[in-house]
Amino acid sequence: GDSVTQMEGPVTLSEEAFLTINCTYTATGYPSLFWYVQYPGEGLQLLLKATKADDKGSNKGFEATYRKETTSFHLEKGSVQVSDSAVYFCALSHPGNTPLVFGKGTRLSVIA
Amino acid sequence: EAGVAQSPRYKIIEKRQSVAFWCNPISGHATLYWYQQILGQGPKLLIQFQNNGVVDDSQLPKDRFSAERLKGVDSTLKIQPAKLEDSAVYLCASSSLDETECFGPGTRLLVL
C-alpha cells in the first residue's frame, strides 16, 4: 500500500538557518502531496501542497517541489524563525476524497 | 467560515471504561474522517464517511470502536471498552468534493 517516509527528528536549528526536511513516498498512480504543520496544542494545518509532477507548493516562506523521478517532496525554508517550531507532517492522497496517508512527522525546534 | 469543531478537548478515563468523542464538520462538507494519532506517529485513518454512509472502516477496531454520522452532519466516535493502547489524539477532518481536508483541534485521550 501507499506509504510516506520522513527524516527522523528532532531537528534543532538556530534562527535564520536553512531548513530541509526530507520526504519520500511510495504510491501507485499520481497522488497529490502535502505538508501539514502542527503547532503545540493545536490541530493540523495545511502548509502547502502539489498535485502533479514538477509542481512547487509554497506558503509562508516554505516550499516543496513534487519530484516524481525521485518520489520525493522535500520541505525547505531559507531562513527559519522561532515561530516555525512545530511538528511537520508529509502526506499523500489520491484524487476523489481518499484519506491522507501521513509520515511519522518531524519535530523542528528553532532557537534564538 | 467556522472550522471543524471537536469535543471534548481532553479526556482521562480508566481502562475498560467507555468514552465518546463528537465532531461537527465544516458546513457543507460531505466527507468526514476520523484519524487516530498515537504519540510520535502520524495520524492513521480509522473511518471515512461520505454523507451518512461509511466509505472505509477497514482500519477501525470494530470489537471496541464504533462511529456514526447521523443525518450526514455531526459524527460521534465511541470506544467501549477502552484499552491502554487507545491513548492517543483523535482527529476529525472534513472536506468537500476534491478539496483538501480541514482538521479539527483533536481530542486528547489518556487511558489509565
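Per chain, residue numbering runs from 1 following the sequence as it is written. Both sets of labels track the order of writing: A upward for chains, 1 upward for ligands. Reporting of local features is limited, given that this is a predicted model, to residues whose pLDDT is at least 70; pairs of side-chain atoms are given and counted only at 80 or more, and all residues count toward the totals for whole chains, interfaces and linings. Each side-chain value is worked out from all heavy atoms of the structure, with water and hydrogens disregarded.

Asks: Can you help me understand the overall build of chain A in this one?
Replies: A helix here means a DSSP run of H or I that spans at least four residues, while a strand means a run of E at least two residues long, and both kinds are numbered starting from the N terminus. Tallying secondary structure elements over chain A gives 0 helices and 12 strands in all. Counting from the amino terminus, chain A carries its helices and strands in the arrangement β-β-β-β-β-β-β-β-β-β-β-β. Taken over C-alpha atoms, the radius of gyration is set against a globule rule of 2.2 Å times the number of residues to the power 0.38. Against the 2.2 N^0.38 benchmark of 13 Å for 112 residues, chain A shows a C-alpha radius of gyration of 13 Å, consistent with a compact globule. By principal-axis analysis of the C-alpha atoms, chain A measures approximately 45 × 25 × 20 Å.

Asks: Whenever I open this one, the pattern of salt bridges confuses me. Can you help?
Replies: Pairs can form between side chains of opposite charge once their charged atoms are near each other. Residues and elements named next belong to chain A. Salt bridges are defined as contacts in which a side-chain nitrogen from Lys or Arg sits within 4 Å of a carboxyl oxygen from Asp or Glu. Evaluation of the coordinates by the stated rule reveals 5 salt bridges over all chains. Between Glu 63 and Lys 56 there is a salt bridge, with its nearest N and O atoms 3.6 Å apart. Classification of Glu 63 as partly exposed rests on a relative accessible area of 31%. Accessible area is worked out with a 1.4 Å probe on protein chains only. A residue is then buried under 20% of its type maximum, exposed over 50%, and partly exposed in between.

Asks: Explain the sheet that holds strand β9 (residues 75-77) of chain A here, please?
Replies: Picture the strands of a sheet paired through backbone hydrogen bonds; they go either parallel or antiparallel. Residue and element names in this part refer to chain A. In space, the 4 strands of this open sheet follow the order β3-β9-β8-β7, with antiparallel pairing throughout. Either end of the sheet is taken by a strand with one partner, and the two such strands are β3 (19-21) and β7 (56-59). With strand direction ignored, the average angle separating the axes of adjacent strands in the sheet is 15 degrees. Following DSSP output, two strands are said to pair if at least two bridges run between them. Bridge analysis of β7 against strand β8 (residues 62-65) gives 4 bridges, and the strand direction is antiparallel. In the sheet register, Gly 57 faces β8, and the bridge partner there is Ala 64. Think of each axis as a best-fit line through the C-alpha atoms, taken over the contacting stretch in the case of a helix, with angles from 0 to 180 degrees between the N-to-C directions.

Asks: Help me understand the state of the cysteines in this model?
Replies: When the sulfur atoms of two cysteines share a covalent bond, that bond is a disulfide. Any two cysteine sulfur atoms lying within 2.5 Å of each other are counted as a disulfide. Applying the stated criterion across every chain, the model contains 2 disulfides over all chains. What pairs with Cys 23 of chain A in a disulfide is Cys 90 of chain A, and their sulfur atoms sit 2.0 Å apart. The S-S bond linking Cys 23 of chain A to Cys 90 of chain A shows a torsion near -70 degrees; that makes this disulfide left-handed. Of this pair, Cys 23 of chain A sits in strand β4 (residues 23-26) while Cys 90 of chain A sits in strand β10 (residues 86-93); the two residues are 67 residues apart in sequence, bridging distant segments of the chain. Classification of Cys 23 of chain A by relative accessible area gives buried; the value is 1%. Given the relative accessible area of 1%, Cys 90 of chain A is considered buried. Bridging Cys 23 of chain B to Cys 92 of chain B, the disulfide has an S-S length of 1.9 Å. A torsion of -70 degrees about the S-S bond marks the disulfide between Cys 23 of chain B and Cys 92 of chain B as left-handed. Here Cys 23 of chain B, found in strand β3 (residues 19-24), pairs with Cys 92 of chain B, found in strand β9 (residues 88-95); they are 69 residues apart in sequence, far enough to count as distant. The exposure class of Cys 23 of chain B is buried, given its relative accessible area of 0%. Owing to a relative accessible area of 0%, Cys 92 of chain B belongs among the buried residues under this scheme. In this structure Cys 102 of chain B is not part of a disulfide, and its nearest cysteine sulfur, from Cys 92 of chain B, lies 11 Å away.

Asks: What exactly am I supposed to notice about the sheet that holds β3 of chain B here?
Replies: Residues and elements named next belong to chain B. Strand order in the open sheet made by the 4 strands is β1-β3-β8-β7, with antiparallel pairing throughout. Only two strands of the sheet have a single partner each, and these edge strands are β1 (5-7) and β7 (65-68). Going across the sheet, the axis of each strand differs from the next one's by a mean of 15 degrees, ignoring polarity. Relative to β3, β1 runs antiparallel, the two being bridged by 3 bridges.

Asks: Would you mind showing me how to read the side chain of Thr 31 of chain B here?
Replies: With respect to the secondary-structure elements, Thr 31 of chain B resides in strand β4 (residues 31-37). Whenever a nitrogen or oxygen atom comes within 3.5 Å of another N or O atom, the pair is scored as a polar contact, on the condition that within protein one atom can donate a hydrogen and the other can accept it, and that pairs from neighbouring residues in sequence are kept only if both atoms are in side chains. A distance of 2.6 Å separates the side chain of Thr 31 of chain B from the side chain of Gln 50 of chain B, its partner in a polar contact. Any two residues whose heavy atoms approach within 4.5 Å are treated as being in contact. Residues in contact with Thr 31 of chain B, not counting those within four places in the same chain, are Asn 97 of chain A together with Gln 48, Phe 49, Gln 50, Arg 69, Ala 93, Ser 94 and Ser 95 of chain B.

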